[in-house]
Every structure is written in C-alpha cells, then in structure tokens.
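# Inside the fold
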Amino acid sequence: MSPDQRVAVIGLGYVGLPLAIAFAEAGLDVEGIDISEERVATLRECRSPIEDISDERLRAAFDGSLRVATQAQAAVGDADVVFVCVPTPITATKDPDLGPVLEAARFLRDNLRPGQLLVLQSTTFPGTTTGPFRKVLEESGLVAGLDFDLAYAPERVSPGDPASAGRTIPRLVGGMTPQATQRAATLLAKINDRVVRLSSADAAEMAKLLENIFRNVNIAFVNQLALLCERMGLDVWEVIDAAASKPFGFMKFTPGPGVGGHCIPVDPYYLSWRAREFDFIDRFIELAGDINLAMPRHVVDLVAEALNDRGHALKGAKVGVLGVAFKPNVRDARNSPAASVIALAAERGADVRFHDPLVDVFTDATGAVRHDTPLDELLGWADAVVVVTAHAAIDWDSVYDRASLVVDTVDSSSGRPTRDRQVLRLGAGWSLA
C-alpha cells in the first residue's frame, strides 16, 4: 500500500463528516471516529446528522471505504494520518476552551505510533498545534518532528453550503516541519484543487482567525452604523446598498441581531486572549466582539419600543420570534443570537415563543429548552413578532399580512407591502404607508 492511504477523522460534525466522506470518495481507507455513541449509531443507519451531506451520499461512502466507530471501538493506531475536527468553544469568561482538543490529543497519545501524521483542523489561536496539542502528544514518549509529523490545516466549512467543503475551496496547511507540510499538502491535494502551503502551523492558525475576525469586525461596523442611522432617521439598508454599487474597494456586510455559528462569535476571543500573552491588548478586535454580543439586547429594546408605541409594555406581552438558526436556510442553531433575544425578552417579563421550520427544539441563553410553535398559531397569538432569521421556508406573505406588529432585524420586509407603523426595522425606523 502506498504511503498515507489510511485516514482517521476524529469528530464527525459539520467539519469532520464531509472531510471523511471526501477522503473515502477519493479512494482512501477512512475511519470516522466520534465520542458520541448516538452520533455513530445514527451514521451507521445511513442517516446524515447535517444537511450538507445527504443520506444517499453517506450511504455511498459506506458502500465504499468509509466506516465509523466510537473512540472505544476505533483502531486509530492503524491510521497513517489522523485529522482532528473537534469544537473549540469559549468559557463563560470568554477565554479559549481547548478541552475537546486536548481530550482528542490524550486519545491520540494513548494510541500514537511512529511515522503517523497528525493534523489539527479546529479553529484555534496561534501556537495551539505546536504548544498544548503537541505537549500532550509527546507524553507518549514520541517526539513531534522526529518520531511523528504534526500539521495544522484549518477547515473552511460554511454550514448550508456544501460546496464550502468541496474541491474548489483552497485549503491552507502549515506543518511543524517542511516534511509535515509536504505530507499534509500531498494528502489534501487528493480532495482539494488548490492547497496553499504556509511556513508554519502558527501562520496557518493565524490565517484562519484572520478570515473569521475580518467578518466579525465588519459586521460590528455595520451594526454600529445601524444604531447611528436609527438616531439620524436614516435607512441603513438603503445606505449599504448604495455603497455596494461601487464596483471596487467595498465589500458588502449587513447588520442584524448579532452573530452566530461555530466561529464568528468565538474566534475574536481566541486571538485577543493569545495577544495578551504577548502584552498586546487588541482593543479593536475585542470591541468588535462586544458590539456584536450587545445586539440582542438592542433588539429587545426595539421590541419594547414597538410595543410602547401601541401603548403596551414588554412585561406581560406575547412575543413571537421567527427563526432561531444562526443563519438562513440551515438548521444549525449554535451560538444563535436568538438564544439571547429570547432569554432577555423573557427576563423582562415577556411570554416568548418561537417558530423555525428547520429547528424543532431550541435552548435559550438561560438553558431553558423551548419547542417550535407552528407559524399559524404563533401569528394568531403574538402581540409582536421579531424576525431574527429569514428562512426562505417561512411564509413571509402570511407574516406581513397577519402580524399587527413586527420588529424586523434582517430586512425581511424589504419589497413587501406593509402598513403604516406596522414594522419597526433595525437601522431604519418605522414603516410608512
């Protein structure tokens, strides 16, 4: 068998599962490994837990060279290359939580053999791969760069966009040694048309953070602009569309109720935490993160303002939230701003329910578990409706025909007939007849 034909992937979520399937489709022998017995059982039934992978594609991979196992069942020591694709959350104090990464490292440590290549994919701060991750691995008695190879190759998955995990998206890779970079790049070239080699794992880690923090900072800027436009009586959506007509030197970002997902709300704090270890306070990045985190509170203030316009208080009001996924047309609700919008409105005395055609059960920021209310029932019940996520599957004609009061945070009302002072728009004020 030629070198690096046996691949293991630890973590079978939005990042790891598409990666494992891509390698299987490229003809490699692949073992997918997950800590969750339930996840492994679901996959073995050929039921995909993520919308970007169809059941049919999953079944075809199993018919080929893919198999899945729990950590207790896995034969990770037989793999030539192991990819680690586990979450990297933050703590309640917004510090990096490397718990899942280090747990994966301990699992590898106990199964490590000479000659393996280990590749971390989880988004993290510069120095993770060659620092704490490496330190745990070397507790095995083997030395990185000498007995085994170590590299970092960040994921670029955008949930809801299957192409983001496909061949056409360039892949970054940086190894601890030139040999590690070469091995990882050669393997990734089997599933990506272009592989960009960096000088180090640290550089690759920083590049990944730059990609995501770039978005976070620009979203924070337009969120601030939205608040200013509200005070000035301007329409931020009109302003942004006008600026976007410039064909160069401008990239369009839009405001909203906050940021969500597995990276954008988290990554700024990974970099700012690491920067402090170098006596560098990155106020710009921290401020952007704080601005976006504050948006759900502003949305609830808008709900209170809208109700007050009708002579009602937020306390005791019935508030319906439309959309709780972190972005349109996906069922991924990780770090969704809806969690804080719901919790904050409930904290101020509102009775809150939600409707999302893609999310049946949702946990708000207090940990309370809530269940979907059908749209027709929600519209007949709510005193005010808050649009957080504009799924295409929502019947928007019905929303704007039946709801007497709407707080629109994502410009879902644009181009739709609305009544005088029916809609209070984030960054734009009241709709007019």
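Before reading further, recall that the structure is shown in the block above.
Report on the accompanying structure. None of the values given here were measured: they were computed from a predicted structure.

## Re the environment of H262
Summarising the element assignment, H262 is placed in the loop between α8 (236–243) and α9 (267–276). Under the relative-accessibility criterion, H262 is labelled partly exposed at 21%. For the pair formed by H262 and T88, sequence separation is 174 residues and the distance between their alpha carbons is 8.4 Å. Once residues within four sequence positions are removed from consideration, H262 is found in contact with E155, V157, P159, R334 and N335.

## Thoughts on the pairing of strand β10 (residues 351–355)
Consecutive side chains of a regular strand alternate in pointing toward one face of the sheet and then the other. As judged from the five bridges shared by strand β9 (residues 318–322) and β10, these two strands associate in the parallel manner. By the bridge assignment for β10, V319 is matched with V352.

## Remarks on the pattern of salt bridges
Opposite charge on two side chains allows them to pair when their charged atoms are near. Evaluated as defined, the whole model comprises 27 salt bridges. Ionic pairing is found between D110 and R109, a salt bridge with its closest N-O pair at 3.0 Å. Classification of R109 by relative accessible area gives partly exposed; the value is 22%. Here K252 and D241 are joined by a salt bridge, their closest N and O atoms 2.8 Å apart. Separated by eleven residues along the polypeptide, K252 in the loop between α8 and α9 and D241 in helix α8 bring together distant segments of the chain.

## Some thoughts on the packing of helix α7 (residues 201–232) against helix α10 (residues 283–309)
Running from amino to carboxyl end, α7 crosses α10 at an angle of 45°, the nearest separation of the two axes being 9 Å. Taken together, the axes of α7 and α10 lie oblique to each other. The handedness of the crossing between α7 and α10 comes out as left-handed. Where α7 approaches α10, its residues I213, N216, V217, I219, A220, N223, Q224, L227 and E230 are matched on the opposing element by F284, I285, A288, G289, I291, N292, M295, H298 and L302. Here the contact of α7 with α10 is composed, by residue class, of eleven nonpolar, six polar and one charged.

## Points about the packing of aromatic side chains
The relation between two aromatic rings is expressed through the spacing of the ring centres and the mutual angle of the planes. With the rule as written, the count across this model stands at six aromatic pairs. Here F23 and F83 contribute two aromatic rings whose centre-to-centre distance is 5.3 Å and whose plane-to-plane angle is 35°, an arrangement assigned as tilted. Linking F23 in helix α1 (residues 16–25) with F83 in strand β4 (residues 81–84), this pair joins segments that are 60 residues apart in sequence. Summarising the burial analysis for this pair, F23 and F83 share the class buried. Among the aromatic residues, those joined into a ring-pair cluster are F125, Y270 and W273. Sitting over the face of the ring of W381, R353 holds its NZ or CZ atom 4.2 Å from the ring centroid.

## Some remarks on the sheet that holds strand β8 (residues 195–197)
Taken together, eight strands build an open sheet; the order of strands is β3-β2-β1-β4-β5-β6-β7-β8 and the sheet is mixed. Looking along the sheet, the strands with just one partner apiece sit at the ends: β3 (66–70) and β8. Strand-to-strand twist in this sheet, taken as the mean axis angle between neighbours without regard to direction, amounts to 25°. As paired elements, strand β1 (residues 6–10) and β4 share four bridges and run parallel to each other. Residue pairing for β4: V9 is matched across the bridge by F83. The sheet contacts of helix α5 (residues 129–137) involve β4, β5 (117–120) and β6 (149–152), and relative to β6 the element is tilted by about 145°.

Rules used throughout
- Along each chain, residue indices are assigned from 1 in the same order as the chain's sequence is written.
- At least 70 in pLDDT is required for a residue's local features to be given in this predicted model, at least 80 for side-chain atom pairs to be given and counted, and no such filter applies to totals for whole chains, interfaces and linings, which use all residues.
- Where side-chain values are given, they derive from all heavy atoms of the structure, hydrogens and water being excluded.
- Under the scheme used here, helices are H or I runs from DSSP no shorter than 4 residues and strands are E runs no shorter than 2 residues, and both carry numbers assigned from the N terminus.
- Burial classes: relative accessible area under 20% of the type maximum marks a residue as buried, over 50% as exposed, and values in between as partly exposed (1.4 Å probe, protein chains only).
- Pairs of residues are marked as contacts when any of their non-hydrogen atoms sit within 4.5 Å.
- In this analysis, strands are considered paired if DSSP registers two or more bridges between them.
- Salt bridges are defined as contacts in which a side-chain nitrogen from Lys or Arg sits within 4 Å of a carboxyl oxygen from Asp or Glu.
- For every element, the axis is a line fit to its C-alpha atoms; helices are fit only across the contacting stretch, and the angle between N-to-C directions ranges from 0 to 180 degrees.
- Angle categories: roughly parallel below 35 degrees, roughly antiparallel above 145, roughly perpendicular from 65 to 115, and oblique for all the rest.
- Put simply, a crossing is left-handed when the front helix is turned counterclockwise from the back one by less than a right angle, and right-handed when it is turned clockwise.
- Any residue outside Ala, Val, Leu, Ile, Met, Phe, Trp, Tyr, Cys, Pro, Asp, Glu, Lys and Arg is labelled polar, Gly included; the first ten of those are nonpolar and the last four are charged.
- Side-chain rings of Phe, Tyr and Trp (the six-membered ring for Trp) are treated as a pair once their centres are within 6.5 Å; stacked means planes under 30 degrees apart, edge-to-face means over 60, and tilted covers the remaining angles.
- Distance and angle both matter: a charge sits over a ring if NZ of Lys or CZ of Arg is within 6 Å of the ring centre and within 35 degrees of the ring normal.

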